[in-house]
Each structure stands twice: as structure tokens, then as C-alpha cells.
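Each chain, letter by letter, is given below.
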Amino acid sequence: MSIDYRQLRYFVEVATLGSINKAAVRLYIAQPALSRRMRQLEYELGVDLFNRSSNGVELTPAGRRLLGHAAALGEEFRRMREFV
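A few points on the structure.

The rules behind these values
- Residues numbered from 1 in each chain as written.
- Predicted model: local features only at pLDDT ≥ 70, side-chain atom pairs only at ≥ 80, totals over all residues.
- Heavy atoms only, no water.
- Helix = DSSP H or I, 4+ residues; strand = E, 2+ residues; numbered from the N terminus.
- Rg over C-alpha atoms; globule rule 2.2 N^0.38 Å.
- Buried < 20%, exposed > 50% of the residue type's maximum accessible area, 1.4 Å probe, protein only.
- Expected span 1.5 Å × (residues − 1).
- Arc of directions from axis to C-beta.
- Core = buried A, V, L, I, M, F, W, Y, C linked by side-chain atoms within 4.5 Å.
- Contact = heavy atoms within 4.5 Å.
- Salt bridge = Lys/Arg side-chain N within 4 Å of Asp/Glu carboxyl O.

### Section: the overall build of the protein
The helix and strand inventory of the protein stands at 4 helices and 2 strands. Counted from the first residue to the last, the protein has its helices and strands arranged as α-α-α-β-β-α. Against the compact-globule benchmark of 12 Å for 84 residues, the protein has a radius of gyration of 13 Å, which places it among compact chains. Dimensions of the protein, computed from the C-alpha atoms along their principal axes, are close to 45 × 25 × 20 Å. When the 84 residues of the protein are sorted by exposure, 38% land in the buried category.

In C-alpha cells form, the structure reads like this:
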């Protein structure tokens, strides 16, 4: 398994905005590339993180669990960078 900080940061943006398109704009990444990264994260974890529709994305129960941990890890990474 190779989940990296960037994937988690991308996941948090998608989950927070409820849209891969909006997250792609905010993250300055192409929408197809971001969509692939989210599918790759789901594959690595072995669970669906989003319910996808034409209106955007909604977190699954597994996605909601990951969001709490991913946000906490992001904050920890930020503090680590400041410390170093």
C-alpha cells in the first residue's frame, strides 16, 4: 500500500467541497487526474470512499471515517514542517 500525503490532502478537498471538479480547480490539478487519484486511493484502501453522481460526490461511511483521520494527519504534517 502506498498512500501519500498528497492523496490524503486531495481527498480532504474533494470530501469538503463535495465535488471532484471544484476540488480540481482549487488544487490546480486536472479533473481526470484527480479522479484517478481518488480511485487509486479507494483501490489502495479496498473500499469505496464516495458515492458519485452527476451532482458531485457524497462520502460513504468509510469515507467519513477516513476524513477525520486524514484531516488530523494533515494537521500533524503541517506541525511537523513548522517544527523542522
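### A few points about the environment of V84
Along the chain, V84 falls in the segment after α4 (61-83). The class of V84 is exposed, set by a relative accessible area of 83%. A C-alpha to C-alpha distance of 36 Å links V84 and E58, two positions 26 residues apart in sequence.

### Some thoughts on helix α3 (residues 31-45)
Each α-helix turn comprises 3.6 residues. Residues three or four places apart therefore point the same way. Taking 1.5 Å as the rise per residue, α3 with 15 residues should run 21 Å; its terminal C-alpha atoms sit 21 Å apart, in good agreement. All buried positions along α3 are accounted for by L34, S35, R37, M38, L41 and E42. Looking straight down α3, one finds that the buried residues subtend no more than 160 degrees of arc, so they occupy a single side. α3 presents R36 and Y43 as exposed residues on the side facing more than 90 degrees away from its buried surface.

### What to know about the nonpolar core
Among the nonpolar cores identified, the biggest contains 21 residues, and F11, V14, L34, M38, L49, F50 and L66 are the most heavily contacted of them. For this core, the secondary structure elements donating two or more residues are α1 (5-17), α2 (20-27), α3, β2 (56-59) and α4. The dominant element in this core, judged by the number of residues it contributes, is α1, at 6 residues. When sequence neighbours within four positions are dropped, the list of residues in contact with L34 reads Y10, V14, I20, A23, A24, L27 and I29.

### Re the pattern of salt bridges
For the structure shown, the criterion picks out 7 salt bridges. When the shortest N-O distance is used, the salt bridge between R52 and E42 registers 3.0 Å. Here R52 is found in strand β1 (residues 50-53), whereas its partner E42 is found in helix α3, with 10 residues between them in sequence. Relative accessible area serves as the criterion here: at 31%, R52 is assigned to the partly exposed category. Looking at E42, the relative accessible area reads 5%, which means it is buried. Linking E75 and R79 is a salt bridge whose minimum nitrogen-to-oxygen distance equals 3.6 Å. Of this pair, E75 and R79 are both found in helix α4, 4 residues apart, which corresponds to roughly one turn of the helix.

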